[in-house]
Amino acid sequence: MTESNLGSAEVVTISFHDISSGADLDRQIEQAFSFSGLGLVLIEGYPEFAEKREAVLREIRKFALLPEEVRERYARPECSYSFGWSHGKEKMKSGVPDLAKGSFYARPHGDVVEPDGSPRKQQFPETYADNIWPSEESPGLEHAFKEMSRVQMEIGHHMCRLFDRYLNKITATASQPHQLDTFYNMVKDSVAYKGRMLHYYPVEPEVNSAIDGLCGWHLDHGCITSLLSPLYLDLAGNTLPKPADCGLYVKAPENS
């Protein structure tokens, strides 16, 4: 797909009630994740979701607007900036540092998962380092992140069960059928995945003139990614309607 032939494709929408109640959603899973699907679903109807979403997005904005010297106290070069604050360290398009956004990384399911001095922690600090929180400068950030993460993990676990059930069904006659709970256990038992809070700073219009002007086309790594819809704010922090020329773009498969 090129910028000249951008179009819209149907996004599969499923209610939280359906994914959590054991409903048969094989048709929707196939529509969303087959070779002709977009590779995503929209989940709606989670209780109190809107409040938790707005809370965490406003908290990361507060932190991102603190003085640079304060933010940099929570940057962790020893773990390749994979925990805590990161701004301008990631390179996206053509090797140019990404200054358009700031990121705060944390593990959603435990601040510490390996004791200090453990071989895994020393060899793989990007995965096993401890969370770091700006408890004094931004006291609401940790709570908002963990509250929202619990929701996203719950939804992710339900989705993994749906993937497992669908794959088990369509591989039932294969020599090695997909086992139930494969993806579910992979995600549920892992301590490797983490959350990333993002704040996009104001940029001049020409910086964002291309469709991938801010972070570039890219692939996520891992089994599953859970994304929040963005919160659009003016410089004073007032909520704005979604502009027509920004948002999340997904490349559809050819001929879909």
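What counts and what doesn't
- Every chain is numbered on its own, with residues counted from 1 as its sequence reads.
- With the structure being a predicted model, the display of local features is reserved for residues of pLDDT at least 70 and the display and counting of side-chain atom pairs for 80 or more, all residues being used for whole-chain, interface and lining totals.
- Values shown for side chains rest on all heavy atoms present in the structure; no hydrogens or waters enter the calculation.
- Helix and strand definitions follow DSSP, with helices as H or I runs of at least four residues and strands as E runs of at least two, each counted in order from the N terminus.
- We compute the radius of gyration over the C-alpha atoms and compare it with the globule rule, which gives 2.2 Å times the number of residues raised to the power 0.38.
- Burial status follows relative accessibility: with a 1.4 Å probe on protein chains alone, a residue under 20% of its type maximum counts as buried, one over 50% as exposed, and anything between as partly exposed.
- Only the protein chains shown count as covering a residue, and every accessible area follows the Shrake-Rupley method with a 1.4 Å probe.
- Taken from the helix axis, the directions to the C-beta atoms give the arc we talk about.
- It only takes one pair of heavy atoms within 4.5 Å for two residues to be counted as in contact.
- By this rule, a helix spans an expected 1.5 Å times one less than how many residues it contains.
- Strands were regarded as paired on the criterion that DSSP finds at least two bridges between them.
- What counts as a salt bridge is simple: a side-chain nitrogen of Lys or Arg found within 4 Å of a carboxyl oxygen of Asp or Glu.
- The definition of a nonpolar core used throughout is a set of buried Ala, Val, Leu, Ile, Met, Phe, Trp, Tyr and Cys residues joined through side-chain atoms within 4.5 Å.
- Convention adopted: a line fitted to C-alpha atoms gives each axis, helices being fitted over their contacting stretch, and angles between N-to-C directions are expressed from 0 to 180 degrees.

Draft legend 1. Geometry of the overall build of the protein. Each helix and strand in the protein was counted, giving eight helices and five strands. Sequence-ordered secondary structure for the protein, helices as α and strands as β, is β-α-α-β-α-α-β-β-α-α-α-α-β. Scaling as 2.2 N^0.38, a compact globule of 256 residues should have a C-alpha radius of gyration of about 18 Å, and the protein matches this with 20 Å. Seen through its C-alpha atoms, the protein measures out along the principal axes to roughly 60 × 50 × 40 Å. Taking all 256 residues of the protein together, 34% fall into the buried category. Taken as a whole, the protein presents about 15,400 Å² of accessible surface, with 53% of it coming from carbon and sulfur.

Draft legend 2. Examining the environment of Ala172 more closely. Along the chain, Ala172 falls in the loop between α7 (141–170) and α8 (182–188). The exposure class assigned to Ala172 is exposed, which follows from its relative accessible area of 52%.

Draft legend 3. Broad picture of helix α2 (residues 26–33). Within the span of α2, buried status applies to Asp26, Gln28, Ile29 and Ala32. Down the axis of α2, the buried side of the element spans an arc of 165°, and every buried residue falls inside it. Residues of α2 that are buried in the fold lie against β1 (12–15), β2 (41–44) and α7.

Draft legend 4. Structural view of helix α3 (residues 49–64). The end-to-end C-alpha distance of α3 is 23 Å, a good match for the 22 Å that 16 residues give at a rise of 1.5 Å each. Restricting attention to buried positions, one finds in α3 the residues Lys52, Arg53, Val56, Leu57, Glu59, Ile60, Arg61, Phe63 and Ala64.

Draft legend 5. Molecular detail of the pairing of strand β4 (residues 101–106). Of all the six residues making up β4, six are buried; the element is thus mostly covered by neighbouring parts of the structure. Of the two faces of β4, both are covered, the one formed by Lys101, Ser103 and Tyr105 as well as the one formed by Gly102, Phe104 and Ala106. Taken together, the six bridges between β4 and strand β5 (residues 195–200) define a ladder with antiparallel strand orientation. Directly across from Lys101, in β5, lies its bridge partner Tyr200.

Draft legend 6. Structural view of the pattern of salt bridges. Tallying each qualifying case throughout the model produces 18 salt bridges. Residue Lys169 pairs with Asp26 through a salt bridge whose shortest N-O separation is 3.3 Å. A residue pair is termed long-range when its members are at least 10 positions apart, and Lys169 in helix α7 and Asp26 in helix α2 qualify at 143 residues. What makes Lys169 exposed here is its relative accessible area of 52%. The class of Asp26 is buried, set by a relative accessible area of 11%. Ionic pairing is found between Arg161 and Asp181, a salt bridge with its closest N-O pair at 3.0 Å.

Draft legend 7. Just the nonpolar core, in detail. Ranked by internal contacts, the top residues of the largest apolar core, which has 33 residues, are Ile19, Phe104, Met159 and Met197. Counting residues per element, the ones that place at least two in this core are β1, α1 (16–20), α2, α3, β4 and α7. A total of ten residues in this core trace back to one element, the largest contributor, which is α7. Leave out the neighbours within four places in its chain, and Ile19 touches Ile14, Leu25, Ile43, Ile155, His158, Met159 and Leu162.

Draft legend 8. How the structure looks around the sheet that holds strand β3 (residues 84–87). Taken in spatial order, the three strands line up as β3-β4-β5 in an open sheet, and their pairing is antiparallel. One side of each edge strand has no neighbouring strand; the edge strands of this open sheet are β3 and β5. Averaged over all pairs of adjacent strands, the angle between their axes in this sheet comes to 20°, without regard to strand direction. The pairing of β3 with β4 spans four bridges and is antiparallel. Note that in β4 the partner of Trp85 across the bridge is Phe104. α3 contacts β3, β4 and β5 of the sheet and is inclined by roughly 65° relative to β5.

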